[in-house]
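Now for the letters of each chain:
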Amino acid sequence: MHSRVRVWLNRTYAENVFFMDQLRRNPSDRAVEIHATHGDADSPVLAAADTAELEPEGLSPAAYVEFALDQCQKRGIDVFVPRLHQAAIVAHRADFAALGTALLAPPPEAVAVFHDKVIAYEAVQAVGVPVPPWWRVRTADELVAAVEELEAGGHKACFKPASGAGGVGFRMITRAPFSLAQLNGFPSPYVSLDMVVEALRQGDDQVDWLVMPRLEQPEVSVDTLTGPDNRVRLAIGRTKNGRRRGFTQHEQWLEPARLIAEGFGLHYLSNIQFRMLGDRPVLMDVNTRPAGGLHQLSLCGVNVPWAAVQLALGEDTGVIEPPFLGQDYTVVSGPRQLRPVSIPAQRAEVSEPLPAVPAPAAAESVVVQAAGQALPL
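Read on for an overview of the structure. Every chain is numbered on its own, with residues counted from 1 as its sequence reads. Selection of residues for local features in this predicted model requires a pLDDT of at least 70, selection of side-chain atom pairs for listing and counting requires 80 or more, and totals for whole chains, interfaces and linings are taken over all residues. Heavy atoms from the whole structure form the basis of all side-chain values; hydrogens and water molecules are not counted.

A packed helix pair is summarised by two numbers, namely the angle formed by the two axes and the spacing between the axes. Each axis is a line fitted through C-alpha atoms, taken for helices only over the stretch in contact, and angles between the N-to-C directions span 0 to 180 degrees. Comment: elements are numbered from the N terminus, with helices defined as DSSP H or I runs of at least four residues and strands as E runs of at least two. For the pair helix H1 (residues 17-24) and helix H11 (residues 304-312), interaxial distance at closest approach is 8 Å and the crossing angle is 65 degrees. By the angle between their axes, H1 is roughly perpendicular relative to H11. Viewed along their axes, H1 and H11 form a crossing whose handedness is right-handed. Note on element contacts: H11 touches H1 through Pro 305, Trp 306 and Val 309, opposite Phe 19, Gln 22 and Leu 23. Only Asp, Glu, Lys and Arg are considered charged, only Ala, Val, Leu, Ile, Met, Phe, Trp, Tyr, Cys and Pro nonpolar, and every remaining residue, Gly among them, polar. Split into classes, the residues belonging to the contact of H1 with H11 amount to 5 nonpolar, 1 polar and no charged. Orientation is classified from the angle alone, with under 35 degrees giving roughly parallel, over 145 giving roughly antiparallel, 65 to 115 giving roughly perpendicular, and any other angle giving oblique. In a left-handed crossing the near helix is turned counterclockwise from the far helix by less than a right angle, and in a right-handed crossing that turn is clockwise. Note on contacts: a residue pair is in contact if any heavy atoms of the two residues lie within 4.5 Å.

Structure follows, in structure tokens:
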């Protein structure tokens, strides 16, 4: 009889409450206990976990690795799914293995390639995956030159940090001057070129941006599950076109995703995003972690989080083919339980753990709107 599997998710996205639900409802009927840590006492993942603890703030990557090793030893973690400080953690894979903990994350070399978008674009272009034209920008003059070249080619320019995730810092460039019209309605991702140039020339902070053409929909995020032998076990594309979402197994998306996942050793779960440049798909981004929307693949009859845990435990899943592709859907928010009492933010010097948090049972009066529940259109 199999013993229970102990899984830890560190400072993960709120949407991964659904990832946790899928682990518990695994097709192997295996007992799973989930440990979660976070810097926000009101994160819904803390309430969804079997045990939870607030993370100390202000730790360096090296100090965080020590914190993580202590958590794995103290909690008896079998599989650790690192998000925060992933690069530092995977560099110590052997130390975690010595404690009996498998890391559900790629090796350091793969994480390093895709941490910097410029390095990533150069690397995937070298193996034949198409990428958009791009410029690395650190000064106002470099920004203006990149924007002018893009506009001369008939493109609209946008920029984002050379390293980062989740769309943080993404902006689209406009030549229109700032006006009251831009204060109507909801905040816009558009920023005036003149304002950005002025901010760069007046500011003291250094920037490291990737400037590129605005890419068009559909956006296709290919979720891949890859074994430590570099063979892809599963690849399914999730399509996004406005509010409408769907699934695809068209090779124009899956072939380059497999090439990247296998060629760069993106072990376990990764998410490879494409958009359209004219009439052809080009790479937009690569995430060396599970996507927040991974649970949506349950609409295709597969439990990908559990398959990834099996691979991390050394249990080969074989190639997984979805039995069907789910119908088109949209994503809406819904209530999700929080811990009964909000806990003040933990100071860095406080090391006393939070009490164990039972799995959600009775409904609480305080809820959070956790986006990501998929409903058919």
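Further remarks concern the sheet that holds strand S2 (residues 32-38). Should DSSP find at least two bridges between two strands, the strands are taken to pair. Spatially, 5 strands are ordered S3-S2-S1-S4-S5 in an open sheet, and the strand pairing comes out parallel. Each of the sheet's edge strands pairs with one partner strand only, and the pair in question is strand S3 (51-54) and strand S5 (102-103). Strand direction decides the pairing type here: strand S1 (residues 5-10) and strand S4 (residues 79-81), joined by 3 bridges, are parallel. Its bridge partner lying in S4, Leu 9 is registered against Val 81. Relative to S2, H1 is tilted by about 160 degrees, and along the sheet it contacts S1 and S2. Together, S1, S2, S4 and S5 form the strand contacts of H11, whose direction differs from that of S1 by roughly 110 degrees.

The subject of this paragraph is the layout of surface pockets. Which parts of space are left empty comes out when a probe the size of a water molecule is rolled across the atoms. Method remark: on a 1 Å grid restricted to protein atoms, a set of points is classed as a cavity if a 1.4 Å probe fits but cannot get out and as a pocket if it is open with protein on both sides within 12 Å along at least five of seven lines; lining residues have an atom within 4 Å of a point. Grid points are joined across faces, edges and corners, and a volume is the space filled by probe spheres set on the points. Considered as a void within the structure, the second largest pocket measures approximately 430 Å³ in volume. As for the second largest pocket, its lining consists of 18 residues, and the residues nearest its centre are Arg 83, Gln 86, His 115, Ala 165 and Thr 288. Secondary-structure elements contributing two or more residues to the lining of the second largest pocket are helix H4 (86-90), helix H6 (108-115) and strand S15 (280-287). Its residues assigned to classes, the lining of the second largest pocket shows 7 nonpolar, 7 polar and 4 charged.

Attention shifts here to the pairing of strand S14 (residues 268-277). When you tally the buried positions in S14, you get 10 out of 10 residues, the bulk of the element. Pairing of strand S11 (residues 216-226) with S14 involves 8 bridges; the strand directions are antiparallel. Looking at the pairing, Val 220 lines up with Phe 274 of S14. Two strands pair when backbone bridges link them, and S14 and S15 are joined in this way by 7 bridges, in the antiparallel orientation. Of the residues in S15, the one forming a bridge with Asn 271 is Asn 287. Here S14 folds back onto S15, and the loop between the two strands holds 2 residues, one of which, Gly 278, carries a positive phi near 70 degrees. Using a 1.4 Å probe on the protein chains alone, a residue whose accessible area is under 20% of its type maximum counts as buried, one over 50% counts as exposed, and one in between counts as partly exposed.

Here we come to the side chain of Arg 11. Position of Arg 11 relative to the elements: it lies in the loop between S1 and H1. On the basis of relative accessibility, which here comes to 15%, the residue Arg 11 falls in the buried class. Among the polar contacts listed, one links the side chain of Arg 11 to the side chain of Glu 55, at a separation of 2.9 Å. Those residues in contact with Arg 11 that lie beyond four places of it in its chain are Thr 37, His 38, Gly 39, Glu 55, Pro 56, Glu 57, Arg 83 and Leu 84. Two N or O atoms count as a polar contact when they lie within 3.5 Å, although within protein this holds only if one can serve as hydrogen donor and the other as acceptor, and sequence-adjacent residues are included solely when both atoms are side-chain atoms.

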